[in-house]
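# A structural walkthrough
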Amino acid sequence: SLLRSLRVVLTCIALTSSVSVALAQSPGQAELDQATDLKLDADSIEKLGKVIELCKQAIEKGLNDGDKELAKQLISSSAFEQAERITQRLAQGRLTPRTLARQRDEAMAALDLAIENNEKFPEAWILKAKLYTLPEANQTKAIEAVSKAIDLLGEKPTELAAAYLLRAQLVTEPNDKLADIAKDT
């Protein structure tokens, strides 16, 4: 009888612990878990889009601060990867001006989403600058984007050198070109 009472008490404790753990789980946790699993195998722009959508749903439903930050990082990295894949298509060439403009806009939208969810993402700013150099693009915005990347790169000498060289190619003033090239060395 004492053993039976002990079992009942232990069962109640176990059930209470399970219920409190389940209650402590964020409402959007299931979507975040799905997004995390899908990201591991995301081999297409469409699957990356699904990761982003699941993360947005998770945030909307509610996540604790740590999980919300994870969801934002997943959105940012997935959107950046989408932009990279679109940019690879652009590099293959033979696109009509209309298709080029549409795909550039898609890549820019993905980069905007990446940056919105992680403002300190210099690689996204660099890719954005490169997209601004495409035909019918905006050289001023390209310079602004690469300058933002330079500000974010901090102590990464290889990446900084590449960013300074890119900016040197974009600026028109000879003294500005020389200044960036000097910073590269």
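Preceding this section is the structure that the text describes.
The structure contained in this document is the topic of the report that follows. (Residues numbered from 1 in each chain as written. Predicted model: local features only at pLDDT ≥ 70, side-chain atom pairs only at ≥ 80, totals over all residues. Heavy atoms only, no water.)

## Remarks on helix H3 (residues 45-61)
Where we set the bar: Each helix is a run of DSSP H or I of at least 4 residues and each strand a run of E of at least 2, with the numbering of both proceeding from the N terminus. Each helix should span, by expectation, one fewer than its residue count multiplied by 1.5 Å. Only protein chains enter the calculation, and the probe is 1.4 Å; a residue is then buried if its accessible area is under 20% of its type maximum, exposed if over 50%, and partly exposed in between. Whether two residues are in contact is decided by their heavy atoms, any of which lying within 4.5 Å being enough.
The end-to-end C-alpha distance of H3, which contains 17 residues, comes to 24 Å, matching closely the 24 Å that a straight helix rising 1.5 Å per residue would cover. Taken together, the buried positions of H3 are occupied by Ile45, Leu48, Val51, Ile52, Leu54, Cys55 and Ala58. Looking at the buried positions of H3, the neighbouring elements they touch are helix H2 (29-40), helix H4 (65-91) and helix H5 (97-117). Looking at the residues trailing H3, positive phi occurs at glycine 62, about 120°.

## Considerations on the packing of aromatic side chains
What characterises a pair of aromatic rings is the spacing of the ring centres plus the angle enclosed by the ring planes. Selection rule: Pairing of aromatic side chains here covers Phe, Tyr and the six-membered ring of Trp, requires ring centres within 6.5 Å, and sorts the geometry by plane angle: under 30 degrees stacked, over 60 edge-to-face, intermediate tilted.
Enumeration over the complete set of coordinates arrives at 1 aromatic pair. For the ring pair phenylalanine 80 and phenylalanine 121, a centre distance of 4.9 Å and an interplane angle of 45° mean the geometry is tilted. Here the residue phenylalanine 80 occupies a position in helix H4, and phenylalanine 121 occupies one in the loop between H5 and helix H6 (122-132), the gap between them amounting to 41 residues.

Remember that the coordinates give geometry; whether it matters functionally is a separate question.
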